[in-house]
Amino acid sequence: MRIRNKPEASSKITDASMSDIAFLLLIFFLVTTTFEVQKGITYRLPKKPDIDTPEVVVDETNRVVMTIKQWGLHEYVALIDAAPPGGPLRRARAGEDVSLADTSLHRGLRELAAERAEPLDAVRERLLGNLEAAKGVRRGTYSSIRRAIEAENLTPMVMEGLPSRLMEDEVPVDEDPLFGNVAFGDTLVLSDVRQGPIATAVRESEMVVILKFFPDCDYEGMIEAIDMLRTNGVSRTGITIQERLGGGA
Amino acid sequence: MKLKRRMKASSTIFTGTMADIVFLLLVFFMSTTLFKETGGLRVRFPQAHPDVMSELGKDKLTVSVWIKQLEPGNDESDIIARIGDYDLPLENVPAQLKRLSEKFWREQNKRLDVVVIKADRRLPMGNMVDLFNSLRFEELYRIQFNAEEIQSPV
């Protein structure tokens, strides 16, 4: 009798499609991967009241006080409580509210801020401090920006700020021997060939805007107000609450 | 005369290790991928111009605080905050952040650089100003207000 051979089952697993599957998964993860980025408005709170820290009093010529109220769901208005005398903005009478989107308010704030642009020495000093912090060396290691640039082989640069774009010829400009022309709102940058920008400092305004919010005003109003101020060159702001005065609802 | 045969250069590329490389990359992306866009509460961020917003460097040690009112728009409604996976009342946030800051310093010798506030746009300012004042008293001065970019910048 003739014995029939049993059909042999293959013991091999085909792995030809393995790399296809792996590539497919790889492309999927490449496309869907998101590295979390924290983006937002940075803000520095004032130091807590201390016996050793003297209280900072802002002169009325450098100060604007605004009360922010909410009119509608996404509508916020400002009432100017105090403004530098003789400037483009005036103290408003009760009820003279102006929308945060009002262009004359923006222009007024921009002009006041530009008039009070900080001197270049102050910006350079801050830049030096930022560089020392970035390098992890103690304060006062470099005697000047020039010395730091020579010692660390850095390149000085100027980055154009928003006020330069908005104000064009009206923006105050000063000349610096190392950086060239520096306008109000511009950023001084020190960069390294390998690492790129190492330290930066913005030429800010010395003007302070104090924002007083009604307690029931939405948080969105604060972001809108800070956004409007920063866009117009005001970086120093105070945030507080407007206490309701008198009786009644 | 005997002609010498030319050495033939192989025209094939060795692909035996291809799958290994691909798997290595695959494992990397699998372990680093974040599927959830928001690790905290479901909040609606306020909007701001991209020019006034900045990105925090990778070297910065940050802690995110999510804050939301249970019923947005209702002043009587409770406010909850979330740090990591823990919910806590808003008034306990500064003390908790201080504890975290001390823990980072003790265990990693690092300072907490920035507190990232991821708050819902309809939160009442009265509560937010109280929070800022409490943060000051805990010596946490550097904060970042998280915001979405406005679609049509100036």
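Before going into details, it helps to say that this report is about the structure given with it. Remember, predicted model here, so these are calculated numbers, not experimental data.

### Thoughts on the overall build of chain A
Within chain A, the secondary structure is distributed over six helices and 11 strands. Over its C-alpha atoms chain A spans a radius of gyration of 29 Å, topping by over 25% the 18 Å that the globule rule assigns to 249 residues. Judged by the C-alpha coordinates and their principal axes, chain A covers about 120 × 60 × 45 Å. Relative to its full complement of 249 residues, chain A shows a buried share of 41%. Of the contacts made within chain A by residues no fewer than 6 positions apart, 58% connect residues no fewer than 24 positions apart. Of the roughly 15200 Å² that chain A leaves accessible, carbon and sulfur atoms contribute 51%. Taken as two groups, the 30 positive and 39 negative side-chain charges of chain A have centres that lie 7 Å from each other.

### Notes on the nonpolar core
In terms of nonpolar packing, the biggest core is built from 73 residues, with Met 66 of chain A together with Ile 67 and Phe 145 of chain B touching the most fellow members. Of all the elements, helix 6 (residues 219–231) of chain A adds the most residues to this core, at seven residues. Split by domain, the residues of this core number at least three in each of domain 1 (60–116 + 206–241) and domain 2 (120–202) of chain A. Setting aside residues up to four positions removed in sequence, Met 66 of chain A forms contacts with Ala 78, Leu 79, Ile 80, Asp 81, Leu 105, Val 209, Ile 210, Leu 211, Lys 212, Met 228 and Leu 229 of chain A. Leu 131, Tyr 142, Leu 154 and Phe 179 of chain A belong to the second largest nonpolar core, which has 17 residues in total.

### Topic: the interface of chain A and chain B
With 46 residues of chain A at the interface, the matching set in chain B holds 53 residues. Taken as a group, Gln 38, Lys 39 and Tyr 219 of chain A account for 17% of the area that chain A buries against chain B, more than any other trio of residues on that side. Between chain A and chain B we count four salt bridges in total. In this structure, Arg 121 of chain B and Glu 220 of chain A form a salt bridge, with 3.9 Å as the shortest nitrogen-oxygen distance. In this structure, the connection of chain A to chain B is made through 16 residue pairs in polar contact (both at pLDDT 80 or more). Within the residue set of the side of chain A that touches chain B, elements represented by two or more residues are helix 1 (18–32), strand 1 (39–44), helix 5 (162–167), helix 6 and strand 11 (236–241) of chain A.

### Comments concerning the packing of helix 1 of chain A against helix 1 (residues 18–32) of chain B
Working note: a packed helix pair is described by the angle between its axes plus the distance between those axes. Running from amino to carboxyl end, helix 1 of chain A crosses helix 1 of chain B at an angle of 30°, the nearest separation of the two axes being 9 Å. Between helix 1 of chain A and helix 1 of chain B, the crossing angle belongs to the class labelled roughly parallel. As for how helix 1 of chain A packs across helix 1 of chain B, the hand of that crossing is left-handed. Of the residues in helix 1 of chain B, those touching helix 1 of chain A at Met 18, Ala 22, Phe 23, Leu 25, Leu 26, Phe 29 and Leu 30 of chain A are Met 18, Val 22, Phe 23, Leu 25, Leu 26, Phe 29 and Met 30 of chain B.

### What to know about the environment of Thr 231 of chain A
All names here are of chain A. Counting through the fold element by element, Thr 231 comes out in helix 6. Relative accessible area serves as the criterion here: at 7%, Thr 231 is assigned to the buried category. In this structure the C-alpha to C-alpha distance between Thr 231 and Gly 185, which are 46 residues apart in sequence, comes to 9.8 Å. Separated by 2.5 Å, the side chain of Thr 231 and the backbone oxygen of Asp 227 make a polar contact.

### Some thoughts on the sheet that holds strand 4 (residues 98–99) of chain A
All names here are of chain A. Spatially, five strands are ordered 4-3-2-10-11 in an open sheet, and the strand pairing comes out mixed. At either end of the open sheet lies a strand with only one pairing partner, and these are strand 4 and strand 11. Pairing analysis gives six bridges linking strand 2 (residues 63–70) to strand 10 (residues 208–213), with the strands arranged parallel. When the bridges of strand 10 are listed, Thr 67 appears paired with Lys 212.

### Some details on the packing of aromatic side chains
Residue and element names in this part refer to chain B. Tallied over the entire structure, the rule returns six aromatic pairs over all chains. Both rings, one in Phe 28 and one in Phe 29, keep their centres 5.1 Å apart while their planes meet at 75°; by these two values the pair is edge-to-face. Overall, Phe 28 belongs to the partly exposed group, its relative accessible area being 43%. Classification of Phe 29 as buried rests on a relative accessible area of 13%. Seen in terms of ring centroids, Phe 45 and Trp 66 are 6.1 Å apart; in terms of plane orientation they differ by 40°. Their pairing is tilted. A residue pair is termed long-range when its members are at least 10 positions apart, and Phe 45 in the loop between helix 1 and strand 1 (47–48) and Trp 66 in strand 3 (residues 62–69) qualify at 21 residues.

Rules and cut-offs
Residues numbered from 1 in each chain as written. Chains lettered and ligands numbered in written order. Predicted model: local features only at pLDDT ≥ 70, side-chain atom pairs only at ≥ 80, totals over all residues. Heavy atoms only, no water. Helix = DSSP H or I, 4+ residues; strand = E, 2+ residues; numbered from the N terminus. Rg over C-alpha atoms; globule rule 2.2 N^0.38 Å. Buried < 20%, exposed > 50% of the residue type's maximum accessible area, 1.4 Å probe, protein only. Contact = heavy atoms within 4.5 Å. Areas by Shrake-Rupley, 256 points an atom, 1.4 Å probe, with all protein chains shown as cover. Lys, Arg positive; Asp, Glu negative; His and termini not counted. Charge placed at Lys NZ, Arg CZ, Asp CG, Glu CD. Core = buried A, V, L, I, M, F, W, Y, C linked by side-chain atoms within 4.5 Å. Domains from an automatic or database assignment. Buried area = accessible area lost by both parts, 1.4 Å probe. Salt bridge = Lys/Arg side-chain N within 4 Å of Asp/Glu carboxyl O. Polar contact = N/O pair within 3.5 Å; in protein donor to acceptor, adjacent residues only side chain to side chain. Axes fitted to C-alpha atoms, helices over the stretch in contact; angles between N-to-C directions. Parallel < 35°, antiparallel > 145°, perpendicular 65-115°, else oblique. Left-handed = near helix turned anticlockwise from the far one by under 90°. Pairing = 2+ DSSP bridges. Phe/Tyr/Trp six-rings, centres within 6.5 Å; stacked < 30°, edge-to-face > 60°.

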